[in-house]
Amino acid sequence: MTLSLAAIGGMVPQLGSRLEALGLTGSHLGLVLALLPVGRLLSAPVWGWLADRFRLGGALLQLGATLALGGSVLVWTATGPAAAGLGLLLFAVGRTPLGPIVDVFIVDALARSGLDARAYGRTRLWGSVGFLGAAWLSGLWADQGHDPMVIAVVLCCVCLGMTLRFPQRGGGRPAPIAPALLALARQPGFWALLAFGACQALTVNVYDIFMSVHVHALGLPPSVTSYAVMVGVTVEIAVMANGQWILARLGRRGALLFAAVSALPRWLLTAWLVDPFWLVAVQVLHGSSFAIFWIAGVDEMNRRSAGSNVAASAQSLWATATYGVGALFGAAIAGLLREKLGTPAIFEGCAVISCFAVVFALRAAPASPAGAVRA
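Residues numbered from 1 in each chain as written. Predicted model: local features only at pLDDT ≥ 70, side-chain atom pairs only at ≥ 80, totals over all residues. Heavy atoms only, no water.

1. Observations regarding the overall build of the chain
- In terms of regular secondary structure, the chain is built from 18 helices and zero strands.
- For the chain, buried positions account for 55% of its 375 residues.
- Relative to all contacts within the chain whose residues are 6 or more apart in sequence, the contacts with residues 24 or more apart total 85%.
- About 14500 Å² of surface is accessible on the chain, with carbon and sulfur atoms providing 70% of the total. (Helix = DSSP H or I, 4+ residues; strand = E, 2+ residues; numbered from the N terminus. Buried < 20%, exposed > 50% of the residue type's maximum accessible area, 1.4 Å probe, protein only. Contact = heavy atoms within 4.5 Å. Areas by Shrake-Rupley, 256 points an atom, 1.4 Å probe, with all protein chains shown as cover.)

Dropping the structure here:
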């Protein structure tokens, strides 16, 4: 998980400015960046179904890491938008199974150890550590006049090597998936939960990609983006380290609501502040607007699918809604706002989306206790 998310940290924070250097601006930039969520959206259900149906988790991780490496190389060597777009699409498709399948491995390992599944955050935080280190390194590399995409390529190589340590097949025979997925979809608040996740991920994905564009438009050095990421992810790590305690205190619906509400001041201040110190400082709110949102969402999907054969598919649905549907619309909207109204409007739009997230968080009624879905 550490290396997997580090590969994203090595690429995404500097990706917007990289694509602008290839001549992409405004809506065209948004369209190319939309290939990342398109790849996730189209491939996530397939990856999850294959993992659950045929118990091929480890083999799929290896295939995904190989595709992600190929995509990162294409982005690194691209001299025009077509090659960069193809690389982004390949990177996204390859990256898609790494998150949900590894999350299932983690939750299963916690269960076998007799630990509460809400302790997931203590393992997930190492992914944030990897992301933070790679984002800092890529920003430093860019400040020195080097190509930051090199960092992503190297990390993808190492990540591929680590996937070889996973068992290719899991235990058990091929399992029927459709009945359990239908039961999952009928649960109260299930679609509101996915809509909440889409809204939250839309805003965070826009930040990940367009913060470097905003910083450049303000005339600030690339390192400001890296410092902003460092501050946000440092708080994210602290929140995830205490995730079990936080989820127990806030409750399942309260955690979702808190994540949505705390995003509002973050996006408005990011839009309005121009001083680099305060622009970086406000990213402390990343700890609640992303970290709590993510650990609460993964925990809720785990609870809703507990006792069934669709754990990977459930997490893949969460990935599809968040960094598939949400990120797709975010990239398209942000690119248009960038072209018509400037970069501050991007984050003002994120604040509007966060208002919808608040509504969906209120409607995402918690499911019954673990074991609600059977197959």
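2. Concerning helix α11 (residues 190-217)
- Helix length check: α11 (28 residues) gives 40 Å between terminal C-alpha atoms against 40 Å at 1.5 Å per residue, within 8%.
- A maximum bend of about 50° is found in α11 at Phe210.
- Just past α11, the residue Gly219 takes up positive phi, approximately 80°. (Expected span 1.5 Å × (residues − 1). Bend = angle between axes of the 7 residues up to and from the residue.)

3. Some words on a nonpolar patch on the surface
- Together, Trp136, Leu137, Leu140 and Tyr227 make up an exposed nonpolar region whose accessible area comes to about 370 Å².
- Considering every element that reaches the nonpolar patch, the biggest residue donor is helix α8 (residues 120-143), with three residues.
- Its place among the elements puts Leu137 in helix α8. (Patch = residues over 30% accessible without salt bridge, like charges linked within 9 Å, V, L, I, M, F, W, Y side chains within 5 Å. Salt bridge = Lys/Arg side-chain N within 4 Å of Asp/Glu carboxyl O.)

4. Looking at the packing of aromatic side chains
- Under the criterion given, the structure shown has eight aromatic pairs.
- Considering the side-chain rings of Tyr207 and Trp267, the 5.9 Å spacing of their centres and the 45° angle between planes classify their relative orientation as tilted. Here the residue Tyr207 occupies a position in helix α11, and Trp267 occupies one in helix α14 (residues 252-272), the gap between them amounting to 60 residues.
- Using a relative accessible area of 4% as the deciding quantity, one classes Tyr207 as buried.
- Relative to Trp278, the ring of Phe277 has its centre 4.9 Å away and its plane inclined at 85°; by these criteria the two rings are edge-to-face. Accessibility classification places Phe277 together with Trp278 in one group, the exposed group.
- Connected via pairs of aromatic rings, a cluster forms that spans Phe196, Phe290, Phe293 and Trp294.
- If you follow Arg266 out to its NZ or CZ, it ends over the ring of Tyr207, 4.4 Å from the centre. (Phe/Tyr/Trp six-rings, centres within 6.5 Å; stacked < 30°, edge-to-face > 60°. Lys NZ or Arg CZ within 6 Å of the ring centre and 35° of its normal.)

5. A short note on the side chain of Gln283
- Position of Gln283 relative to the elements: it lies in the loop between α15 (276-281) and α16 (286-305).
- Owing to a relative accessible area of 0%, Gln283 belongs among the buried residues under this scheme.
- There is a polar contact of 3.1 Å between the side chain of Gln283 and the backbone oxygen of Leu279.
- Not counting chain neighbours up to four residues away, the residues in contact with Gln283 comprise Tyr207, Met211, Ala228, Val231, Gly232, Arg266 and Thr270. (Polar contact = N/O pair within 3.5 Å; in protein donor to acceptor, adjacent residues only side chain to side chain.)

6. A look at the packing of helix α1 (residues 2-11) against helix α9 (residues 149-163)
- The geometry of α1 relative to α9 is characterised by a closest axis approach of 8 Å and an angle of 165° between their N-to-C directions. The pairing of α1 with α9 is recorded here as roughly antiparallel in orientation. Like other packed secondary-structure pairs, α1 and α9 cross with a definite hand, here left-handed. Of the residues in α9, those in contact with Leu3, Ser4, Ala6, Ala7, Gly10 and Met11 of α1 are Met149, Ile151, Ala152, Leu155, Cys156, Val158, Cys159 and Met162. (Axes fitted to C-alpha atoms, helices over the stretch in contact; angles between N-to-C directions. Parallel < 35°, antiparallel > 145°, perpendicular 65-115°, else oblique. Left-handed = near helix turned anticlockwise from the far one by under 90°.)

7. Quick notes on the packing of α11 against α14
- For the pair α11 and α14, interaxial distance at closest approach is 11 Å and the crossing angle is 25°. Classified by the interaxial angle, the pair formed by α11 and α14 is roughly parallel. Crossing handedness for the pair α11 and α14: left-handed. Across the interface between the two elements, Leu193, Phe196, Gln200, Thr203, Val204, Tyr207, Met211 and His214 from α11 touch Leu256, Ala259, Ala260, Ala263, Arg266, Trp267, Thr270 and Ala271 from α14.

8. Focus on the nonpolar core
- In terms of nonpolar packing, the biggest core is built from 89 residues, with Leu19, Phe196, Phe210 and Trp318 touching the most fellow members.
- Broken down by element, the residue count for this core peaks at 16 residues, all from α11. (Core = buried A, V, L, I, M, F, W, Y, C linked by side-chain atoms within 4.5 Å.)

9. Re the state of the cysteines
- In this structure the tally under the stated criterion is zero disulfides.
- We note that Cys156 lacks a disulfide partner, and the nearest cysteine sulfur, in Cys159, lies 6.8 Å from it.
- On the accessibility criterion, Cys159 (9% relative accessible area) is buried. (Disulfide = S-S within 2.5 Å.)

10. Quick word on α1
- When you tally the buried positions in α1, you get eight out of ten residues, the bulk of the element.
- When we look at burial in α1, the residues that qualify are Ser4, Leu5, Ala6, Ala7, Ile8, Gly9, Gly10 and Met11.

11. Remarks on the confidence of the model for the chain
- Here the chain shows a mean pLDDT of 78. Residues at 70 or above account for 77%.
- Of all secondary-structure elements in the chain, the lowest mean pLDDT belongs to helix α10 (residues 178-185), at 63, while α15 reaches the highest, 92.
- Considering only residues more than four positions removed or in separate chains, one finds that residues 171-177, a stretch of pLDDT under 50, has 16 contacts. (pLDDT = per-residue confidence, 0-100.)

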